[in-house]
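# Residue-level structural notes
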Amino acid sequence: MATAYDALHAHLRATSLLGSTAALLAWDQETQMPHGAGDRRAEQLAQLAELQHQRMVDARVADWLAACESDPRVQQDADRHANVREWRRDHTRATRLPGRLVAELAEVESKAQQAWASARAKDSFHQFRPWLERMVALQQQKADCLKTSGQARWDALADLYEPGMNAADLRALFAPLRTALVALRDKLRGGARPDDRFARQPIDESKQEAFVRAVLAAMGFDPARGRLDRSAHPFCTRVGADVRLTTRFRPDAVLDALGSTMHEGGHGLYEQGLEDTHFGTPLGEAVSLGIHESQSRLWENHVGRSAAFWRWCLPVAQKQLGTFADATADDLFRAVNVVKPSLIRVEADEATYDLHVMVRFELEQQLIDGQLGVANLPGEWNRLYRDYLGIAVPDDKHGCLQDVHWSCGLFGYFPTYTLGNLYAAQFTAAADKALGGLAALVERGQFATLREWLRRQIHRHGRRHSPAELCRLVTGAPLSPAPFLQHLEQKLAAVYRL
Ligand code: ZN
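Quantities reported herein were computed from a predicted structural model and do not represent experimental measurements. (Residues numbered from 1 in each chain as written. Predicted model: local features only at pLDDT ≥ 70, side-chain atom pairs only at ≥ 80, totals over all residues. Heavy atoms only, no water.)

Looking at the metal site, the zinc ion is ligated by H263 (NE2), H267 (NE2) and E293 (OE), spaced 2.1 to 2.2 Å from it. Owing to a relative accessible area of 3%, E293 belongs among the buried residues under this scheme. (Donors = N, O, S within 2.8 Å, 3.2 Å for Na, K, Ca; no water. Buried < 20%, exposed > 50% of the residue type's maximum accessible area, 1.4 Å probe, protein only.)

Spatial ordering of the open sheet is given by β1-β3-β2, a layout of three strands whose pairing is mixed. Either end of the sheet is taken by a strand with one partner, and the two such strands are β1 (226-230) and β2 (236-239). On average, each strand axis in the sheet is inclined to that of its neighbour by 25°, with strand direction left out of account. Here helix α10 (residues 205-219) sits on the sheet in contact with β1 and β3 (242-247), set at roughly 150° to β1. Sitting on the sheet, helix α11 (residues 254-273) is in contact with β1, β2 and β3, with an inclination near 165° to β3. (Pairing = 2+ DSSP bridges. Helix = DSSP H or I, 4+ residues; strand = E, 2+ residues; numbered from the N terminus. Axes fitted to C-alpha atoms, helices over the stretch in contact; angles between N-to-C directions. Contact = heavy atoms within 4.5 Å.)

Mapped onto the secondary structure, Q139 falls in helix α7 (residues 125-146). Note on Q139: relative accessible area 0%, which makes it buried. Within the structure, Q139 has its side chain in polar contact with the backbone oxygen of G409 (distance 3.2 Å). For Q139, the residues in contact, after removing those within four places along its chain, are L105, E109, L157, I368, G409 and F411. (Polar contact = N/O pair within 3.5 Å; in protein donor to acceptor, adjacent residues only side chain to side chain.)

As a further point, take helix α6 (residues 99-122). The terminal C-alpha atoms of α6 lie 35 Å apart, and with 24 residues this matches the ideal 34 Å at 1.5 Å per residue to within 8%. By the burial criterion, the buried members of α6 are L101, V102, A103, L105, A106, V108, S110, A112, Q113, A115, W116 and A119. Note on α6: the residue one or two positions beyond its end, D123, has a positive phi of about 55°. (Expected span 1.5 Å × (residues − 1).)

Our next topic: the domain arrangement of the chain. Interfaces are often sized by the amount of accessible area the parts lose when they come together. Domain assignment breaks the chain into domain 1 (4-146) and domain 2 (167-495). Once you take the C-alpha centre of each, domain 1 and domain 2 turn out to be 26 Å apart. Facing the 40 residues of domain 1 at the interface are 43 residues of domain 2. Both faces combined, the contact of domain 1 with domain 2 buries some 3,400 Å², and carbon together with sulfur accounts for 62% of it. A salt bridge links R463 to D90; its shortest N-O distance comes to 2.9 Å. Viewed at the interface, domain 2 and domain 1 are joined by 14 residue pairs in polar contact (both at pLDDT 80 or more). Ranked by residues supplied to the side of domain 1 that touches domain 2, first place goes to helix α1 (residues 4-31) with eleven residues. Across the side of domain 1 that touches domain 2, the residue classes tally to 18 nonpolar, ten polar and twelve charged. (Domains from an automatic or database assignment. Buried area = accessible area lost by both parts, 1.4 Å probe. Salt bridge = Lys/Arg side-chain N within 4 Å of Asp/Glu carboxyl O. Nonpolar A, V, L, I, M, F, W, Y, C, P; charged D, E, K, R; others polar.)

A regular strand places its side chains on the two faces of the sheet in alternate fashion. Of all the six residues making up β3, six are buried; the element is thus mostly covered by neighbouring parts of the structure. Burial along β3 is two-sided: D242, R244 and T246 and V243, L245 and T247, pointing in opposite directions, are all buried. Sheet topology places β1 next to β3; five bridges connect them, and they run parallel. Following the sheet pairing, G226 is matched in β3 by V243.

For D123, which is not a glycine, the phi torsion comes out positive at approximately 55°. Although it is not a glycine, R497 sits at a positive phi angle of roughly 50°. In this structure, R497 sits in the segment after α21 (482-495).

A full pass over the atoms with the stated rule returns 43 salt bridges. A salt bridge links D242 to R244; the nearest nitrogen and oxygen atoms lie 2.5 Å apart. Ionic pairing is found between R455 and E452, a salt bridge with its closest N-O pair at 3.6 Å. Taken together, the residues R455 and E452, both in helix α19 (residues 447-457) and three residues apart, mark about one turn of the helix. Taking the relative accessible area as the measure of exposure, R455 reaches 22% and is therefore partly exposed. Classification of E452 by relative accessible area gives partly exposed; the value is 28%. A single network of salt bridges, built from pairs that share partners, joins R85, E86, D90, R93, E285 and R463.

Here you go:
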């Protein structure tokens, strides 16, 4: 006779199949779908979201969970115990959201995303504004449903992406970070700014694509269970057993294409590193967005922007791109590490990136708390860019319309980018120690040693440990900005010859 655990597992595994089907439709929407198909796609996604939600709040789920929680055979089995604990968390959250709100959110997310793409192309905040107003109102309703007593709306949303994280803890991490980053920026003004003009020469996009594919293959991204395509905003999504990455190209920005590809590739390795035998259960899912981002930033910044990496990569670049003949590995290392406050977060350097995140963190808390109206968003955005980054925003396309997130309903999500940077630095320091020096491996192109260490230490655990527990297990310490700041200061002292 099937146990409650077996019944629960079968039911929720089938629900995961619906989720991965929705992921395929969402991927298609961003990469292939003709734009005239948008409204029906929104209906399809809404239908799937509603079905998944109905299955999660099914009364039998509550019964099965209760039976599992009082069954010693389940409680004494580490895997089952962890799955039941996490399923309980998902179920509790789902039962707090009415089905009609879930369906409305899915439909508006899909349509608002299309409205955002069109508004961004035309640099028209005016066109996007009603969609964002509707989205903020829906997110406020969602937060009111989710929040526990005494919890702030924004914290309830943030907990969806980074379990256990809240605005107060983030402020404690961000305040010293902001001070140190601003001081570092000022210090670099006295250094030798690298000349990166040689890296901005136009290069055929097909050559750039061959180059980034070669690097992705060296990282060990498995093409039998993955793809790389193009989209306006690079992303990574898992579709059942395979992982879809996207990147983007501009003729004069080959290093940006490389950075985006290594970034999404890092996300992809995490998804490919989850145990397939756990598919459809929490142990087969990524633990949090912050940990996910640590994997992308680790490959993008700690590997891809290191001196050792360019000793390996320069000949690969020369071969695939047919350029950089006169450049040295040190020229490339310095060119990818130029610090220059800029307008676009995804193209920002490592030393100013987190200031972009802090702008969004401030603004979205105010939007969700109702202190800031959507109509005043562009003005506030531009003001904070002057304050935090010291630059003037020329138009909304380069300002508050640049990111897809809010159109997709991702509020409470941005800080996970900075958490990712902090986790990445702390994990890299631990890997360096455990593997007896990362640089020696990276300069020989032996990426497999690092990839397998990450798989063992982080990927294969899925949601077994909370992000905070995982950080302690892997690094022996709680999350701190110190390893990140030490990494930046050391590297930039070399780049700026300080
Ligand atoms: Zn990312």
